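Topology and contacts: notes
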Amino acid sequence: LYEHCDGHRAAASYWSTTSVHLCGWFRAAYGHPGRRCGPILCETSGTRNSRSNLNGARAARHERKRITYTMTTTMNVVFTGGGTAGHVSPMLAMAEALVDRYVDTDVDVDILMIGTAEGMEAALIPDAGYNFSTVDKVPMPRRASVDLLSVPFRLRKAVKQARQLLREHETQVVVGVGGYASTPVYLAARAEKIPVIVHEGNVRPGLANKLAARFAS
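Model, not experiment: these values are computed from the prediction.

Next up on the list: the packing of helix α5 (residues 146–169) against helix α6 (residues 182–191). α6 packs onto α5 with a crossing angle of 60° between their chain directions and a minimal axis gap of 8 Å. Compared by their axis directions, α5 and α6 come out oblique. When you trace α5 past α6, the crossing you get is right-handed. On α6, the residues touching L155, A158, V159, A162, R163 and L166 of α5 are T183, P184, V185, L187, A188, A189 and A191. Tallied by class, the residues present in the contact of α5 with α6 amount to eleven nonpolar, one polar and one charged.

As a volume, the largest pocket reaches approximately 460 Å³. Per-class residue counts for the lining of the largest pocket are eleven nonpolar, nine polar and two charged.

Even without a glycine there, the phi angle at E170 is positive, about 55°. Inspection of the secondary structure puts E170 in the loop between α5 and β6 (173–176). Residue K193 is not a glycine yet carries a positive backbone phi of 60°.

Our focus in this paragraph is the pattern of salt bridges. Where side chains of opposite charge bring their charged atoms close, a pairing between them can arise. Inspection of the entire model under this criterion finds three salt bridges. A salt bridge links R163 to E192; the nearest nitrogen and oxygen atoms lie 2.7 Å apart. Remark: E192 occurs in the loop between α6 and β7 (196–198) and R163 occurs in helix α5; sequence separation between them is 29 residues. Given the relative accessible area of 23%, E192 is considered partly exposed. Among the salt bridges present, the one from E192 reaches R167, with a minimum N-O distance of 2.9 Å. In this pair, E192 sits in the loop between α6 and β7 while R167 sits in helix α5, placing the two residues 25 residues apart along the sequence. For R167, a relative accessible area of 47% translates into the label partly exposed.

Calculation notes
- Residues numbered from 1 in each chain as written.
- Predicted model: local features only at pLDDT ≥ 70, side-chain atom pairs only at ≥ 80, totals over all residues.
- Heavy atoms only, no water.
- Axes fitted to C-alpha atoms, helices over the stretch in contact; angles between N-to-C directions.
- Helix = DSSP H or I, 4+ residues; strand = E, 2+ residues; numbered from the N terminus.
- Parallel < 35°, antiparallel > 145°, perpendicular 65-115°, else oblique.
- Left-handed = near helix turned anticlockwise from the far one by under 90°.
- Contact = heavy atoms within 4.5 Å.
- Nonpolar A, V, L, I, M, F, W, Y, C, P; charged D, E, K, R; others polar.
- 1 Å grid on protein atoms, 1.4 Å probe; cavity = no way out; pocket = protein on both sides within 12 Å on 5 of 7 lines; lining within 4 Å.
- Points joined across faces, edges and corners; volume = space filled by probe spheres on them.
- Salt bridge = Lys/Arg side-chain N within 4 Å of Asp/Glu carboxyl O.
- Buried < 20%, exposed > 50% of the residue type's maximum accessible area, 1.4 Å probe, protein only.

Purely spatial values, then, with no claim about function.
In structure tokens form, the structure reads like this:
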């Protein structure tokens, strides 16, 4: 991403396994507002000073340029959170802005929203026309009780559910707003090495967003 956006080719002579970097929606965070790049085919590792690697670098750059102009980017985004309208409304607003940003472009935005079956999101999100899936609700007891002993087991089950959803959706980034559903999805994204973005609209962050802030992108 750094090499492609800023034109730095120093790393271009490291070649081995092929990986595809999708960076269209990260342009603003990277410091390039209004600039969008397509999928990039790049290869990494190997010896830097070899002449054969240099020739390989030139060929790969040509192939990368060709693929950039011929492939259609699919952006798989998961929004998670809920419980109250204060959580659901930002999710819907961000999803709508994301879809509007890439309308009439070669970027296909695929959005999945994850919440709980008990929260307001279970009614509001399907009504807004977005795909919606649920994980088990795992509330954290505010004081010591018998329920506190069962939290690790229930949380583990919810994280397993979230990991399955992320894999099936082939998620590339998770955006969370807090709420009961966010914690297992945050932990699942971390386990799957998926970037996490946290949106906090309150003066005092909730427990889920405090947790995710430790490893958020």
